[in-house]
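So you can see what is in the structure, the chains are spelled out below.
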Amino acid sequence: MLVLGIESSCDETGLAFYDSGRGLLAHAVHSQIDLHEAYGGVVPELASRDHVRRIVPLLRKVLAEAGAGLADIDAIAYTAGPGLAGALLVGAGFAEALACALKVPVVPVHHLEGHLLSPLLSADPPCFPFVALLVSGGHTQLMRVSGVGQYALLGETLDDAAGEAFDKTAKLLGLGYPGGPQLARLAEQGQAGRFSLPRPMLHSGDLSFSFSGLKTAVLTQVRNREPGAADKADLCAEFQAAIVEVLVAKALAALKASGLKQLVVAGGVGANRALRAALDAGAQAAGARVFYPEMELCTDNGAMIAFAGAQRLTLGLTAKAAGGFGIRPRWNLQET
Ligand code: KG4
Ligand code: ZN
């Protein structure tokens, strides 16, 4: 079964082919970073228009890469939410129209389901059940994953997502766009501990997170004086250390509470090297193992959507996704 996956929930257009027998055959992503850079954040209308421009050329590209023709497509999976409504509509409309023309089924997929199943695409995948730490620009959640479509929320952020905290803090320090990776790069040149930032909710006794205060704490440090390059690097190092410490502590607590030994990390912040190193060390000490998607599948892509769609089709699970026009800009994973 050859499944076309389409991702267009935010600022990346991603298309991919996953074959249930042969695995991932092709995937291509167009990132809109250059388009939004001047604005310091994603401009929804510009995002939608660019998805419209990119989607057909990307389809041609993945068809060629997979050595397939339109007639070979057995099903089409697309991101139905959560995300920007206009951006989602481009993928949904394209998927529905193509599926109608080809007379194949169309599968709405939850974006976070795509992320958290993406480590299953790697050569050495985890097996169910596992704990998943989802850390992206929009979400910070710990889930117990018992199978495809079986997700129990263990804890989540009460305010900003981890990636959002990275991005906002990078912006207030005047770093480039997108902020998260820039802040992480600068942190590697700095020294944690010279500045002192809180570890929010580290000892709260539950699996909740709160990251919005961290950004304010950084603001307090720089308010009274212009930080030099070395100061900025040290602030970034301390900021990253604070986020990493809390994420690792809560992820390990989730493993302990659930009695599971496998932790899956997914979402854009999962690309952070300091986070990976600390999670690996902590898990090893606890006799557990951490699984990540391939580096290029950490951020938004069509491969994870094609894969999740293929799993749902195989199991006969079609998401109760789609509201009007086949999209749900706000959508809890547990409702799939
Ligand atoms: O999963 P993703 O591509 O998009 C969403 O669904 O949100 O995640 C993007 C987020 C952004 O906030 C970005 O700054 C963050 O992931 N990010 C990072 C790194 N790479 C991406 N944050 C920290 N360190 C990184 N290396
Ligand atoms: Zn994402």
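Higher on the page you've got the structure.
Residues numbered from 1 in each chain as written. Chains lettered and ligands numbered in written order. Predicted model: local features only at pLDDT ≥ 70, side-chain atom pairs only at ≥ 80, totals over all residues. Heavy atoms only, no water.

Q: Please set out helix α8 (residues 229-258) residue by residue, giving values where relevant.
A: In this model, α8 (30 residues) spans 43 Å end to end at C-alpha, consistent with the 44 Å of a helix rising 1.5 Å per residue. Taken from the residues just after α8, G259 is the one with a positive phi, measuring 70 degrees. (Helix = DSSP H or I, 4+ residues; strand = E, 2+ residues; numbered from the N terminus. Expected span 1.5 Å × (residues − 1).)

Q: Could you give me a rundown of the pairing of strand β1 (residues 2-7), with the residues and numbers involved?
A: With six of six residues buried, β1 is to be regarded as a mostly interior element. Alternating residues of β1 divide into L2, L4 and I6 and V3, G5 and E7, and every residue in both groups is buried. In this structure, β1 lies alongside strand β2 (residues 12-19), joined through six bridges in antiparallel fashion. The residue bridging V3 from the neighbouring strand is Y18, located in β2. Between β1 and β2, which follow one another and run antiparallel, lie four residues. Both β1 and strand β4 (residues 75-81) contribute to a ladder of four bridges, which runs parallel. What sits directly across from V3, in β4, is A75. (Buried < 20%, exposed > 50% of the residue type's maximum accessible area, 1.4 Å probe, protein only. Pairing = 2+ DSSP bridges.)

Q: Which residues make up the site of ligand 1, and what values do they have?
A: Among the 18 residues in the neighbourhood of ligand 1, the closest are listed as G137, D167, G180, G268 and N272. In the environment of ligand 1, an oxygen atom lies 3.0 Å from a nitrogen or oxygen atom belonging to the backbone of G268. One of the side-chain N or O atoms of N272 is found 3.0 Å from a nitrogen atom in ligand 1. In isolation ligand 1 exposes 550 Å². Once the protein is present, 84% of that is buried. (Near = heavy atom within 4 Å. Polar contact = N/O pair within 3.5 Å; in protein donor to acceptor, adjacent residues only side chain to side chain. Areas by Shrake-Rupley, 256 points an atom, 1.4 Å probe, with all protein chains shown as cover.)

Q: I'd love a proper account of the packing of aromatic side chains, names of residues and values included.
A: Scanning all chains against the criterion turns up four aromatic pairs. When the ring of Y18 is compared with that of F307, the centres are 5.1 Å apart and the planes differ by 90 degrees; the resulting orientation is edge-to-face. Residue Y18 is found in strand β2, and its partner F307 is found in helix α10 (residues 303-315); the two are separated by 289 residues along the sequence. The same class applies to Y18 and to F307, which are both buried. Between F128 and F130, the aromatic rings sit 5.4 Å apart at their centres with planes inclined by 20 degrees, giving stacked as the arrangement. For F130, a relative accessible area of 0% translates into the label buried. When the ring centre of Y292 is taken as origin, the NZ or CZ atom of R276, which lies over that ring, is 4.2 Å away. (Phe/Tyr/Trp six-rings, centres within 6.5 Å; stacked < 30°, edge-to-face > 60°. Lys NZ or Arg CZ within 6 Å of the ring centre and 35° of its normal.)

Q: Explain the packing of α8 against helix α9 (residues 273-285) to me, and be specific about the residues and the numbers.
A: The geometry of α8 relative to α9 is characterised by a closest axis approach of 10 Å and an angle of 35 degrees between their N-to-C directions. Here the hand of the crossing between α8 and α9 comes out right-handed. Contacts between α8 and α9 involve Q240, V244, L247, V248, A251 and L252 from the former and A274, L275, A278, L279, G282 and A283 from the latter. A class-by-class count of the residues in the contact of α8 with α9 yields ten nonpolar, two polar and no charged. (Axes fitted to C-alpha atoms, helices over the stretch in contact; angles between N-to-C directions. Left-handed = near helix turned anticlockwise from the far one by under 90°. Contact = heavy atoms within 4.5 Å. Nonpolar A, V, L, I, M, F, W, Y, C, P; charged D, E, K, R; others polar.)

Q: How would you explain the pattern of salt bridges if you had to name every residue and give the values?
A: Here the structure, examined in full by the defined rule, presents 16 salt bridges. Notably, a salt bridge pairs R289 with D124, separated by 2.7 Å at the nearest N-O pair. Residue R289 is located in strand β10 (residues 289-291), and its partner D124 is located in the loop between α4 (111-117) and β6 (130-135); the two are separated by 165 residues in the primary sequence. Given the relative accessible area of 40%, R289 is considered partly exposed. On the accessibility criterion, D124 (45% relative accessible area) is partly exposed. One salt bridge connects R328 with E335, and the closest N-O pair in it is separated by 2.6 Å. Look at R328 and you get partly exposed, because its relative accessible area is 23%. Given a relative accessible area of 36%, E335 falls into the partly exposed group. Each of D160, E164, K168 and K215 takes part in one network of salt bridges that share partners. (Salt bridge = Lys/Arg side-chain N within 4 Å of Asp/Glu carboxyl O.)

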